[in-house]
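# Chains, contacts and geometry: an overview
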Amino acid sequence: MPTPGIPRPEYPRPHFDRSHAWLGLNGTWDFRADPDGRHGADSGDGYDQRITVPFAWESAASGIAAHWLRAAWYRRTFTVPDHWAGQRVVLHFGAVHHEATVWVNGTEVAHHVGGYTPFSADVSDALTAGEQLLTVRVHAPADKRDIAHGKQRSMPRTDYDGVCFTPSSGIWQSVWLEARPATHLASLRLRPNHDLTGIDVEAAVAGPAAGGASLELRVRGEATAVTATAGPDGRLYAELPLAAPRLWSPEDPHLYHVDAELTSADGTDRVASYTGLRTITVDGETLYLNGHRLFVRGVLDQGYWPHTGITAPDDTALRRDLELAAEAGYNLVRKHLKLEDPRFVHHADTLGMLVWAEPASPGHFSPASVTAFAEQIEPMVERDGNSPAIVIWGLYNEEWGLDWDIPGDAAKQRATAEAYDRIKALDPTRPVIDNSGWTHVKTDLLDWHYYDESAASWATTVADLLSGARDDFPVKLGPDYVVHKKLAVPTQPLRGLPNLNSEYGGGFTGLERAWHLRWQTQELRRHDRLAGYVYTELYDIEHESAGLWDFQRAAKDLAGVDPAHVNAPTTLVLDVTPVAPGRDLLTPVPDFTVDLRVSHHGGDPVEGAVHTAWTPVYAPAPQDPGGAVPGCRAQAKPYVLGAPVTVPAVLPEGWTSGRLHLALVVDGTVAARTAVDVDTRTEPHIGDDPAAGTDG
């Protein structure tokens with residue numbers, strides 16, 4: 001039961017819920033730094049500070065704000081509730097970076113390595129009468145190159161240090177106690193059955209009376225109850241039929257909650273979980289969700305917050321980031337290089353936001369780093385596999401932890417393929433990306449990361465990649481260092497898989513970011529073969545200013561661009577190669593034409609009238625879409641770019657520049673919007689750089 005005033009008081013594990021018998025241990029703990037390793041578990045001196053759990057000790061929210069501290073100790077007391085008598089008491093840690101050793105009353109009860117994966121320990125045999133003493137030592141190496149650390153900065157630095165952030169060490173997810181019988185449910189795996197008419201259940205029972213234990217399963221709101229008996233190995237299988245199956249989708253995120261009651265000679269254990277009925281499949285170059293074509297409109301989310309680091313300040317903050325993504329028109333969030341707090345996944349399940357989940361990366365290639373990376377995969381699938389929101393598993397990113405050299409090293413290719421095989425063996429129901437963005441070895445989706453500050457070369461390179469005219473693209477690794485990354489090694493086919501541009505964006509200021517967002521996304525929508533995109537990124541982080549929102553999640557000045565219009569299911573594509581922000585189209589005379597096409601991702605064709613309205617440059621779209629252009633109607637079939645429609649326009653009298661807003665109005669409702677900034681002053685302006693788009 002949560003205590004008022006305690007940080008992160010909510011039950012931490014929604015997909016394996018024993019909240020009827022839990023006690024949160026977040027809050028104020030004793031703390032001592034131990035950079036020289038002088039202290040032991042049995043020494044009580046040196047606890048001269050207080051830390052707020054679960055915030056990393058680098059963060060202001062922890063009350064410590066210590067940087068590059070390599071070892072420290074935590075201590076607190078707790079009392080086991082009287083009504084837990086006769087039960088086993090289990091201590092849980094959501095995540096501790098990086099190596100944790102745990103004692104209860106001086107008895108070592110757990111040792112765990114891995115900064116993003118959960119762990120637990122049955123502490124019953126270490127308990128005494130009355131108050132209990134809990135002690136935790138954490139080792140957080142400054143040199144993180146051989147460990148899974150994601151975007152945390154390392155010293156010595158990694159190859160990608162320039163896009164890393166303040167380290168987050170120590171306890172950074174919730175700590176809590178649970179009570180359960182000696183024979184108990186160890187896991188409860190829920191998946192939709194093959195025809196989406198029920199739920200397949202696979203459970204594991206652990207304890208002295210596991211074999212022969214009886215598990216009753218009920219779906220809340222359904223009349224059917226199913227009972228299964230565990231075999232000698234403690235495994236059991238069952239199917240829960242559903243009378244009127246209701247599918248989970250972003251439009252209708254319906255969840256089925258399953259109550260499991262295990263009965264054995266040791267008593268009764270109760271666990272709740274949930275899932276949704278949905279399929280995510282690949283057929284040729286197309287992704288399908290529940291049998292309907294899915295176009296991914298995604299955004300990168302790295303999971304950092306001011307003052308609290310990689311821990312969300314509260315549960316609302318996790319949910320709010322998903323809501324921001326939805327407000328901007330996105331249907332998927334790529335949680336980048338971080339096994340996020342499980343409540344983030346829970347909120348995605350309830351809100352209907354699709355998730356691309358992936359583990360943290362190591363810093364360079366070595367036997368130790370390959371092992372550290374691989375050891376995250378099973379805990380990730382075990383913890384979050386019941387989630388209907390997760391539709392893509394990611395693995396490596398841009399060859400990070402592989403020394404940026406997959407094509408030239410068979411050992412690195414082997415490590416990548418083995419990671420793919422490992423996760424597919426655990427979960428064959430979701431597509432997997434082996435090495436996001438750069439050279440693929442063994443993958444279900446062919447994604448690529450392409451950044452370009454030139455609208456012209458951006459459009460040309462995207463078109464060439466999707467047409468097959470080229471199978472590489474330029475990557476700028478330094479101020480004067482550009483390499484051309486191959487899409488895949490020779491053994492991985494380049495055709496017959498869905499294509500995604502899973503990182504893109506350009507510009508430094510909000511105005512520039514918005515300009516690139518609008519025009520680059522338009523070019524992605526021009527190509528019917530594309531299966532989707534992931535924009536970089538949702539919000540600024542520390543020194544990175546690439547977000548649609550700032551680090552505080554406050555709105556940025558996007559120069560009148562509404563991301564929701566850019567990312568809408570129905571959008572308008574202009575046959576324009578823009579020159580520069582504020583000067584998309586240069587015309588020597590006030591009257592001109594622009595060709596417009598419709599990109600429509602819906603179930604039925606769309607057709608409507610084109611309306612136009614003028615505002616000053618950088619102004620947002622007016623609520624009134626303006627007047628209909630006589631004889632100007634545009635249409636499109638689902639996932640087929642519409643034919644061009646020529647739209648005439650005239651700058652208002654006396655204007656030398658302005659923003660032309662174009663809208664598609666269908667049955668009186670605005671279905672799509674875009675805009676083009678027009679300038680009659682055709683001489684070059686400061687900031688116009690016609691040579692900026694060379695591939696290098």
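Read on for an overview of the structure.

## Details of the packing of helix H6 (residues 455-467) against helix H7 (residues 510-525)
Here H6 crosses H7 at 25°, and the two axes come no closer than 10 Å. Relative to H7, the element H6 is oriented roughly parallel. In this structure, H6 crosses over H7, and the sense of that crossing is right-handed. For the pair formed by H6 and H7, the contact residues are Ala455, Trp458, Ala459 and Val462 on the first element and Trp515, Gln520, Glu523 and Leu524 on the second. Within the contact of H6 with H7, the residues separate by chemical class into 6 nonpolar, 1 polar and 1 charged.

## Some thoughts on the pairing of strand S14 (residues 198-206)
For S14, a buried count of 7 out of 9 residues is recorded, marking the element as mostly surrounded by other parts of the structure. Sheet analysis places strand S13 (residues 184-192) next to S14, joined by 8 bridges and oriented antiparallel. Looking at the pairing, arginine 191 lines up with aspartate 200 of S14. What sits between S13 and S14 in their antiparallel hairpin is a turn of 5 residues, with leucine 196 showing a positive phi close to 60°. Relative to strand S17 (residues 235-241), S14 is paired through 7 bridges, and the arrangement is antiparallel. Looking across to S17, one finds that isoleucine 199 is bridged to leucine 240.

## Regarding helix H1 (residues 315-327)
With 13 residues, H1 extends 19 Å between its outermost C-alpha atoms, agreeing within 8% with the 18 Å of an ideal straight helix rising 1.5 Å per residue. Summarising the contacts, the buried residues of H1 are in contact with strand S23 (296-301), strand S24 (332-335) and helix H2 (342-351). A distance of 3.2 Å separates the backbone nitrogen of threonine 316 from a side-chain oxygen at the start of H1, and that oxygen is part of aspartate 314. Looking one or two residues beyond H1, the residue adopting positive phi is glycine 329, at roughly 90°.

## A word on the sheet that holds strand S16 (residues 225-229)
Read across the open sheet, the 4 strands follow the order S16-S15-S18-S19; overall the sheet is antiparallel. Since the sheet does not close on itself, it has two edges, and those belong to S16 and strand S19 (267-275), each with one partner. The sheet shows a mean angle of 20° between the axes of neighbouring strands, taken without regard to direction. Bridging between strand S18 (residues 256-264) and S19 involves 9 bridges; their strand directions are antiparallel. Directly across from aspartate 259, in S19, lies its bridge partner alanine 272.

## Thoughts on the sheet that holds strand S20 (residues 280-283)
Taken in spatial order, the 3 strands make up an open sheet running S20-S21-S22, and their pairing is antiparallel. The sheet is open, and its two edges are formed by S20 and strand S22 (292-294), each paired on a single side. Each adjacent strand pair in this sheet contributes to an overall mean axis angle of 45°, direction not counted. Here S20 runs beside strand S21 (residues 286-289); their pairing, made up of 4 bridges, is antiparallel. Each bridged residue has a counterpart across the sheet, and for aspartate 283 the counterpart in S21 is threonine 286.

## What about the packing of helix H4 (residues 377-384) against helix H5 (residues 410-426)?
Between H4 and H5, whose axes approach to 10 Å, the crossing angle comes to 25°. Judged by the inter-axis angle, H4 sits roughly parallel to H5. Classified by chirality, the crossing of H5 by H4 is right-handed. Taking contact as the criterion, the partners of Ile377, Glu378, Met380 and Val381 in H4 are, on H5, Ala419, Arg422, Ile423 and Leu426.

## A closer look at the nonpolar core
Ranked by size, the top nonpolar core spans 94 residues in total, and within it Tyr330, Leu332, Trp393, Leu395, Ile423, Trp448 and Phe473 carry the most contacts. Ranked by residue count, the leading element in this core is strand S26 (residues 390-397), at 6 residues. With sequence-adjacent residues up to four places away left out, leucine 395 is seen in contact with Glu358, Pro359, Phe373, Ile377, Ala419, Tyr420, Ile423, Val432, Ile433 and Asp434. With 36 residues, the next largest nonpolar core counts Ala72, Ala100, Ala126 and Val136 among its residues.

## So, the environment of valine 123
Of note, valine 123 is situated in the loop between strand S9 (119-122) and strand S10 (131-139). Sequence-wise, valine 123 and valine 109 are 14 residues apart; in three dimensions their C-alpha atoms are separated by 6.3 Å.

## A word on the side chain of asparagine 501
Relative to the helices and strands, asparagine 501 is located in strand S31 (residues 499-503). Beyond its immediate sequence surroundings of up to four residues, asparagine 501 is in contact with Trp448, Tyr450, Trp458, Leu524, Leu530, Gly532, Tyr533 and Val534.

## Some words on the packing of aromatic side chains
All chains considered together, the criterion is met by 20 aromatic pairs. On the basis of an interplanar angle of 70° and a centroid distance of 6.4 Å, the ring pair of tyrosine 11 and tryptophan 176 is categorised as edge-to-face. On the criterion of sequence distance, the pair formed by tyrosine 11 in the segment before strand S1 (22-24) and tryptophan 176 in strand S12 (residues 175-180) is long-range, its members being 165 residues apart. A residue is classified by how much of its surface remains accessible, and tryptophan 176, at 4% relative accessible area, is buried. Taking the centre distance of 5.0 Å and the plane angle of 65° together, the rings of phenylalanine 165 and tyrosine 304 count as edge-to-face. Of the two residues, phenylalanine 165 sits in the loop between S10 and strand S11 (170-171) while tyrosine 304 sits in the loop between S23 and H1, which places them 139 residues apart along the sequence. By relative accessible area, phenylalanine 165 is classed as buried at 0%. Every member of this aromatic cluster is reached through a ring pair, and the members are Phe295, Tyr450, Trp458, Phe473, Tyr504, Tyr533 and Tyr535. In this structure, arginine 525 packs its charged tip against the face of phenylalanine 295, placed 5.5 Å from the ring centre.

Cut-offs applied
Residues numbered from 1 in each chain as written. Predicted model: local features only at pLDDT ≥ 70, side-chain atom pairs only at ≥ 80, totals over all residues. Heavy atoms only, no water. Axes fitted to C-alpha atoms, helices over the stretch in contact; angles between N-to-C directions. Helix = DSSP H or I, 4+ residues; strand = E, 2+ residues; numbered from the N terminus. Parallel < 35°, antiparallel > 145°, perpendicular 65-115°, else oblique. Left-handed = near helix turned anticlockwise from the far one by under 90°. Contact = heavy atoms within 4.5 Å. Nonpolar A, V, L, I, M, F, W, Y, C, P; charged D, E, K, R; others polar. Buried < 20%, exposed > 50% of the residue type's maximum accessible area, 1.4 Å probe, protein only. Pairing = 2+ DSSP bridges. Expected span 1.5 Å × (residues − 1). Polar contact = N/O pair within 3.5 Å; in protein donor to acceptor, adjacent residues only side chain to side chain. Core = buried A, V, L, I, M, F, W, Y, C linked by side-chain atoms within 4.5 Å. Phe/Tyr/Trp six-rings, centres within 6.5 Å; stacked < 30°, edge-to-face > 60°. Lys NZ or Arg CZ within 6 Å of the ring centre and 35° of its normal.

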